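Structural overview for review
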Amino acid sequence: MRSRLTPTLLLLPGLAFLLVGFLIPSLAMLLAPPRTKTLDIFARMITMLTDPYDLAIIGRTLLLALVVTAVCVVLGFPIAYLLARTASKWSGVLLALAIFPLLLSNVVRTFGWLVVLGSNGAIGQLLTGLGLVDKAPQLLYTPLAVVLGLTQLFLPLAIITCYSAVSQVDAGLDDAARGLGASRTRTFWDVVLPLSLPGLVVGSTLVFAGSVTAYTTPYLLGGSANRVLSTQLFNYASVTIDWAGASATALIMTILVFAVSAVSSVIGRKGATS
């Protein structure tokens, strides 16, 4: 009896901390903001889901998050695979370099893109210096700028989650597949990728959730012309002081994240059982 109760007792402090510090404030923010009725929040959410302007913001947010997630997975998984399978003594150093950007502030990394993508930035000067264009193109305040900024922001997170998943796949399975005549490409697709799918799904979910809720990067790189749900939420909460709109926007963001998490969980379970 004591051995069964011990894990539960050890979980209680953390669960209590999450309940008081996260769950209750989140529910209060979503369902009971200041001077606003809960029914008004749901009415406002229905209005947003039928308004073309708000639907455009929701669609833009969803599309940007999906694109960033796909790019991070396509770039991050091969890097994680190489880091997990390399026999070099520098593998630890290479892994540290891959995830080093996580140690820098999001604001610092975003301002770096302002320098690179600006009209007088490195890319614009390179294009004009090579004679490819007469005038530096407008790269800032475009969806491309937001995708680049968010990809740099969350790529290290995708690498570290995929690295953890690939590391748990026995390297001997690669040798066994190669011994049976499989090529490196087929071994990767038929052995490594399916066994790493649960970790890949977790990484994709984290990147998607971070992309949907990110504020600084879309605000600085996207501008007002590329407004997303996070910047709309800030506008409602800090500029117009529209608590019903802010709570409705937060609810929509929460629903998007949980919906994608549910789909990802299904994909992960199917991959683990296949």
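Within any chain, residue numbers begin from 1 and follow the written order of that chain's sequence. At least 70 in pLDDT is required for a residue's local features to be given in this predicted model, at least 80 for side-chain atom pairs to be given and counted, and no such filter applies to totals for whole chains, interfaces and linings, which use all residues. Side-chain numbers here rest on the full set of heavy atoms in the structure, without hydrogens or water.

Observations regarding helix H9 (residues 184–213)
Put simply, DSSP marks the helices as runs of H or I at least four residues long and the strands as runs of E at least two long, and each gets a number from the N terminus on. The span expected for a helix works out to 1.5 Å for each residue beyond the first. For H9, built from 30 residues, the straight-helix expectation of 44 Å at 1.5 Å per residue is missed by more than 12%, its first-to-last C-alpha distance being only 38 Å. Its axis deflected by about 60 degrees at Leu197, H9 carries its strongest bend there, up to four residues before the proline Pro198. What the bend at a residue measures is the angle between two axes, fitted to the seven residues ending there and to the seven starting there.

Let's talk about the pattern of salt bridges
When a carboxyl oxygen of Asp or Glu is within 4 Å of a side-chain nitrogen of Lys or Arg, the pair counts as a salt bridge. Applying the stated rule across the entire model yields two salt bridges. Its salt-bridge partner being Arg44, residue Asp242 comes within 2.6 Å of it at the nearest N-O pair. Here Arg44 lies in helix H2 (residues 38–48) and Asp242 lies in the loop between helix H11 (229–239) and helix H12 (243–273), a separation of 198 residues in the sequence. Given a relative accessible area of 24%, Arg44 falls into the partly exposed group. Residue Asp190 is joined to Arg186 by a salt bridge in which the shortest nitrogen-to-oxygen separation is 3.0 Å. Here Arg186 and Asp190 lie together in helix H9, a separation of four residues that amounts to about one turn. Think of it in three bands: with a 1.4 Å probe and only protein chains considered, a residue is buried below 20% of the maximum accessible area for its type, exposed above 50%, and partly exposed in between. On the basis of relative accessible area, Asp190 is assigned to the partly exposed category, the value being 48%.

A word on the confidence of the model for the chain
Values of pLDDT, the confidence the predictor places in each residue, fall between 0 and 100. Predicted confidence across the chain gives a mean pLDDT of 85, with 97% of residues reaching 70 or more. For the chain, per-element mean pLDDT is lowest for helix H1 (residues 2–31), which scores 78, and highest for helix H3 (residues 52–85), which scores 92.

Here we look at the environment of Gly121
Summarising the element assignment, Gly121 is placed in the loop between helix H5 (106–117) and helix H6 (122–129). Distance in space between the C-alpha atoms of Gly121 and Thr213 is 28 Å, their sequence separation being 92 residues.

Quick word on the packing of helix H8 (residues 171–179) against H9
The relative placement of two packed helices comes down to the angle between their axes together with the axis-to-axis distance. Remark: H8 packs on H9, axes separated minimally by 10 Å, with the N-to-C direction vectors making an angle of 140 degrees. Our classification of the angle between H8 and H9 gives oblique. Classified by chirality, the crossing of H9 by H8 is right-handed. Between H8, through Leu173, Asp174, Ala177 and Arg178, and H9, the contact on the second element is made entirely by Arg184, Thr187, Val191, Val192 and Leu195. The nonpolar class holds Ala, Val, Leu, Ile, Met, Phe, Trp, Tyr, Cys and Pro. Asp, Glu, Lys and Arg form the charged class, and all remaining residues, Gly among them, are polar. Split by residue class, the contact of H8 with H9 holds five nonpolar, one polar and three charged. Helix axes use the C-alpha atoms of the stretch in contact, all axes being lines fitted to C-alpha atoms, and the angles between their N-to-C directions lie in the range 0 to 180 degrees. Relative orientations are named as follows: roughly parallel for angles under 35 degrees, roughly antiparallel for angles over 145 degrees, roughly perpendicular for angles from 65 to 115 degrees, and oblique for any other angle. By the definition used in this description, the sense in which the near helix is turned from the far one sets the handedness, with an anticlockwise turn below a right angle giving left-handed and a clockwise turn giving right-handed. By definition in these notes, contact holds between two residues if any of their heavy atoms fall within 4.5 Å.

Notes on the packing of H3 against helix H7 (residues 143–167)
At their nearest, the axes of H3 and H7 sit 6 Å apart, and the two run at 40 degrees to each other. The pairing of H3 with H7 is recorded here as oblique in orientation. Judged by the twist between their axes, the crossing of H3 over H7 is right-handed. Residues that form the contact of H3 with H7 fall into these classes: 23 nonpolar, three polar and one charged.

Considerations on the nonpolar core
To qualify as a nonpolar core, a set must consist of buried Ala, Val, Leu, Ile, Met, Phe, Trp, Tyr and Cys residues joined through side-chain atoms within 4.5 Å. In this structure, Val68, Cys72, Leu117, Leu150, Phe154, Val207 and Leu221 are the most contacted members of the largest nonpolar core, which totals 23 residues. In terms of residues, this core owes the most to one element, H7, which gives nine residues. Setting aside anything within four residues of it in sequence, one finds Val68 in contact with Val147, Leu150, Thr151, Val207 and Ser211. Counting 17 residues, the second-largest nonpolar core is a separate cluster that includes Met45, Met48, Leu229 and Val257.

Focus: the packing of aromatic side chains
Stacked, edge-to-face and tilted labels apply to pairs of Phe, Tyr and Trp rings (six-membered ring for Trp) whose centres lie within 6.5 Å, assigned for plane angles under 30 degrees, over 60, and everything in between, in that order. Under the criterion given, the structure shown has five aromatic pairs. Seen in terms of ring centroids, Tyr81 and Phe188 are 5.2 Å apart; in terms of plane orientation they differ by 80 degrees. Their pairing is edge-to-face. With Tyr81 in helix H3 and Phe188 in helix H9, the pair connects residues that are 107 residues apart, well separated along the chain. Taking the relative accessible area as the measure of exposure, Tyr81 reaches 18% and is therefore buried. A relative accessible area of 17% places Phe188 in the buried class. Relative to Trp189, the ring of Phe188 has its centre 5.7 Å away and its plane inclined at 85 degrees; by these criteria the two rings are edge-to-face.

Some words on the side chain of Ser211
Along the polypeptide, Ser211 turns up in helix H9. Once you skip the residues sitting within four places of it in the chain, Ser211 turns out to touch Ala65, Val68, Leu150 and Phe154.

Regarding unusual backbone geometry
The phi dihedral of Tyr141 is positive, around 60 degrees, even though this residue is not glycine. With respect to the helices, strands and loops of the structure, Tyr141 is situated in the loop between H6 and H7. Here Tyr141 falls in the partly exposed class, since its relative accessible area comes to 44%. Of note in this structure, Ile241 is not a glycine but carries a positive phi near 55 degrees. Take Ile241: it is sitting in the loop between H11 and H12.

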